[in-house]
Amino acid sequence: MHPSEVLFQGERQPLLLPACDHYAGSEKLMRKSMALQQELGPVFDITFDCEDGAAAGNEEAHARLVAGLLNDAGNTHKRIGARVHDVASPHFARDVEIIVGEAADNVAYIVLPKADSVQDVMRAIETVNVHAHKAGRQNLPVHVLIETHGALRSVFAIAALPQVECLSFGIMDFVSSHYGAIPANAMRTPNQFVHPLVVRAKLEIAAACHAYGKVPSHNVTTEIKDSAVVATDAQRAAAEFGYTRMWSIHPSQIKPIVKAFTPRLSEVNEAAAILAEAQKVQWGPINQHGRLHDRASYRYYWTVLQRARLAGLTLPEPAAALLDPKPTATETK
């Protein structure tokens, strides 16, 4: 049996996405990010921004620009999403109509900002689906920014929505919504990892995502000149808070984020060896180097291999064979 069948019997496999989500809000930066994605491959996603990261006052033209770039031949890997205005904005419906209506086949996901409840998210998804279905796209993935008190209160219900595949923490809006009760330095390292209210929000988001097999995406690092800061933030987000993805707001942040979330080669080799032995015994328990492994640990190592592949690592031959898609009924005849 293929690992995806035997290790997740009766369960939905957890979703996995590229470790870095790079935001771009101007045409120059959008095109630059597309060129970089072509160079590096789909090891990071791009989100074209129609909201806070875009200039105000020309919203419809900007949405048309986003749709045009999504349909451009430069969107080679189909790993570009779009952040639209929030559901309460007068620009929300038009953003969705233009971007989803014109580029449904080429947009990877839609990002919903500033939701205040699960009902807000559900309303937004309904609007997305109206235009996606007209264009022949079913189940267009939706990412939700958790940056308000209401969204944090509803975070488990939001993560449970089938069409939601990722929750992102909007740290700046979240801190600002406390009107000075949380100091501004809690938006940055080191206080973003120690202030109790910020830590609580990060943990709730990560826990909700993992409860429903969704992807938790860590907030932005505002320091864009020192790559060591973003690398440290990414390492802490992964190791201490359970995040598997992180925002980038500058091209120099992409590689440090991808590296921080990529499994070490030694762990990849260990995972490949363990799973190869497990496959030989039809996924029963094994004893490797004096340690017991069974399907509980196999699921962990299976995820290690998938994350390594997403990051563009060259995998050991046994691992690459394991990750091949399961054969269809026609192929096995």
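Residues numbered from 1 in each chain as written. Predicted model: local features only at pLDDT ≥ 70, side-chain atom pairs only at ≥ 80, totals over all residues. Heavy atoms only, no water.

Participant: Talk me through the side chain of Gln 192; I want residue IDs and the actual numbers.
Facilitator: Along the chain, Gln 192 falls in the loop between helix H8 (171-176) and helix H9 (196-211). Exposure remark for Gln 192: the relative accessible area of 1% places this residue in the buried category. Gln 192 has contacts with Ile 171, Asn 185, Ala 186, Met 187, Val 198, Val 199, Lys 202, His 218, Asn 219 and Asp 233, leaving out every residue within four places of it along the chain. (Helix = DSSP H or I, 4+ residues; strand = E, 2+ residues; numbered from the N terminus. Buried < 20%, exposed > 50% of the residue type's maximum accessible area, 1.4 Å probe, protein only. Contact = heavy atoms within 4.5 Å.)

Participant: Which residues make up the nonpolar core, and what values do they have?
Facilitator: By size, the foremost hydrophobic cluster in this structure holds 76 residues, and its most contacted members are Ile 110, Leu 112, Val 144 and Leu 167. With 7 residues, H9 is the single largest residue contributor to this core. With residues near it in sequence (within four places) discarded, Leu 167 still touches Val 144, Ile 146, Val 155, Ile 158, Ala 159, Ile 205, Cys 209, Val 215, Pro 216 and Ser 217. If you look at the next biggest cluster of nonpolar residues, it comprises 21 residues, including Val 6, Val 268, Val 304 and Leu 315. (Core = buried A, V, L, I, M, F, W, Y, C linked by side-chain atoms within 4.5 Å.)

Participant: A description of unusual backbone geometry should follow, citing residues and the corresponding values.
Facilitator: At the junction of Thr 189 and Pro 190, the peptide bond is cis and its omega measures out at 5° in the coordinates. Note that Pro 190 resides in the loop between H8 and H9. Positioned with a positive phi, Asn 139 is a non-glycine residue whose angle comes to about 55°. Phi is positive for His 289, close to 55°, though the residue is something other than glycine.

Participant: Explain the pattern of salt bridges to me, using residue names and the numbers behind them.
Facilitator: Applying the stated rule across the entire model yields 16 salt bridges. Between Glu 51 and Lys 114 there is a salt bridge whose closest N-O contact spans 2.6 Å. Of the two residues, Glu 51 is situated in the loop between strand E2 (44-49) and helix H3 (59-70) and Lys 114 in the loop between strand E4 (110-112) and helix H5 (118-134); the sequence distance between them amounts to 63 residues. Two residues, Lys 114 and Asp 52, come together in a salt bridge whose shortest N-O distance is 2.9 Å. Of the two residues, Lys 114 sits in the loop between E4 and H5 while Asp 52 sits in the loop between E2 and H3, which places them 62 residues apart along the sequence. (Salt bridge = Lys/Arg side-chain N within 4 Å of Asp/Glu carboxyl O.)

Participant: Can you tell me about the layout of surface pockets, naming the residues and giving the values?
Facilitator: Taken as a whole, the largest pocket spans an internal volume of roughly 670 Å³. Lining the largest pocket we find 26 residues, and of these Ala 238, Tyr 243, Thr 244, Tyr 300 and Arg 307 sit closest to its centre. Those elements that provide at least two residues to the lining of the largest pocket are strand E7 (215-218), helix H10 (227-241), helix H11 (251-261) and helix H13 (295-310). In terms of residues, the lining of the largest pocket owes the most to one element, H13, which gives 5 residues. Looking at the lining of the largest pocket residue by residue, the classes come out as 13 nonpolar, 7 polar and 6 charged. Roughly 420 Å³ of internal volume is contained in the second largest pocket. As for the second largest pocket, its lining consists of 24 residues, and the residues nearest its centre are Tyr 23, Asp 49, Arg 83, Trp 247 and Ile 249. Classifying every residue of the lining of the second largest pocket by side-chain character gives 11 nonpolar, 7 polar and 6 charged. (1 Å grid on protein atoms, 1.4 Å probe; cavity = no way out; pocket = protein on both sides within 12 Å on 5 of 7 lines; lining within 4 Å. Points joined across faces, edges and corners; volume = space filled by probe spheres on them. Nonpolar A, V, L, I, M, F, W, Y, C, P; charged D, E, K, R; others polar.)

Participant: Account for the packing of H10 against H11, naming residues and giving values.
Facilitator: H11 packs onto H10 with a crossing angle of 30° between their chain directions and a minimal axis gap of 8 Å. When the axes of H10 and H11 are compared, the pair comes out roughly parallel. Every pair of crossing elements has a handedness; the one defined by H10 and H11 is right-handed. Contacts between H10 and H11 involve Ser 227, Val 230, Ala 231, Ala 234, Gln 235, Ala 237 and Ala 238 from the former and Gln 253, Pro 256, Ile 257, Ala 260 and Phe 261 from the latter. For the contact of H10 with H11, the per-class residue count stands at 9 nonpolar, 3 polar and no charged. (Axes fitted to C-alpha atoms, helices over the stretch in contact; angles between N-to-C directions. Parallel < 35°, antiparallel > 145°, perpendicular 65-115°, else oblique. Left-handed = near helix turned anticlockwise from the far one by under 90°.)

Participant: Tell me what's going on with the pairing of strand E6 (residues 164-169), and back it up with residues and numbers.
Facilitator: With 6 of 6 residues buried, E6 is to be regarded as a mostly interior element. Where strand E5 (residues 142-146) lies against E6, 5 bridges are found, and the strand directions are parallel. Note that in E6 the partner of Val 142 across the bridge is Val 164. Where E6 lies against E7, 3 bridges are found, and the strand directions are parallel. Directly across from Leu 167, in E7, lies its bridge partner Pro 216. (Pairing = 2+ DSSP bridges.)

Participant: Pulling in residues and values, what's your account of helix H4 (residues 92-103)?
Facilitator: Here H4 is 12 residues long and its end C-alpha atoms lie 16 Å apart, about the 16 Å a rise of 1.5 Å per residue gives. Listed as buried for H4 are Phe 92, Asp 95, Val 96, Ile 98, Ile 99, Val 100 and Ala 103. Where the residues of H4 are buried, they touch H3, strand E3 (80-83), E4 and H5. (Expected span 1.5 Å × (residues − 1).)

Participant: Explain the packing of aromatic side chains to me, using residue names and the numbers behind them.
Facilitator: All chains considered together, the criterion is met by 5 aromatic pairs. Ring centres of Phe 193 and Phe 241 lie 5.5 Å apart, and the angle between their planes is 45°; this geometry places the pair in the tilted category. Highlighted residues: Phe 193 in the loop between H8 and H9 and Phe 241 in helix H10, separated in sequence by 48 residues. As far as the burial class goes, Phe 193 and Phe 241 line up, both buried. Residue placement shows Lys 202 over the ring face of Phe 193; its charged tip is 4.1 Å from the ring centre. (Phe/Tyr/Trp six-rings, centres within 6.5 Å; stacked < 30°, edge-to-face > 60°. Lys NZ or Arg CZ within 6 Å of the ring centre and 35° of its normal.)

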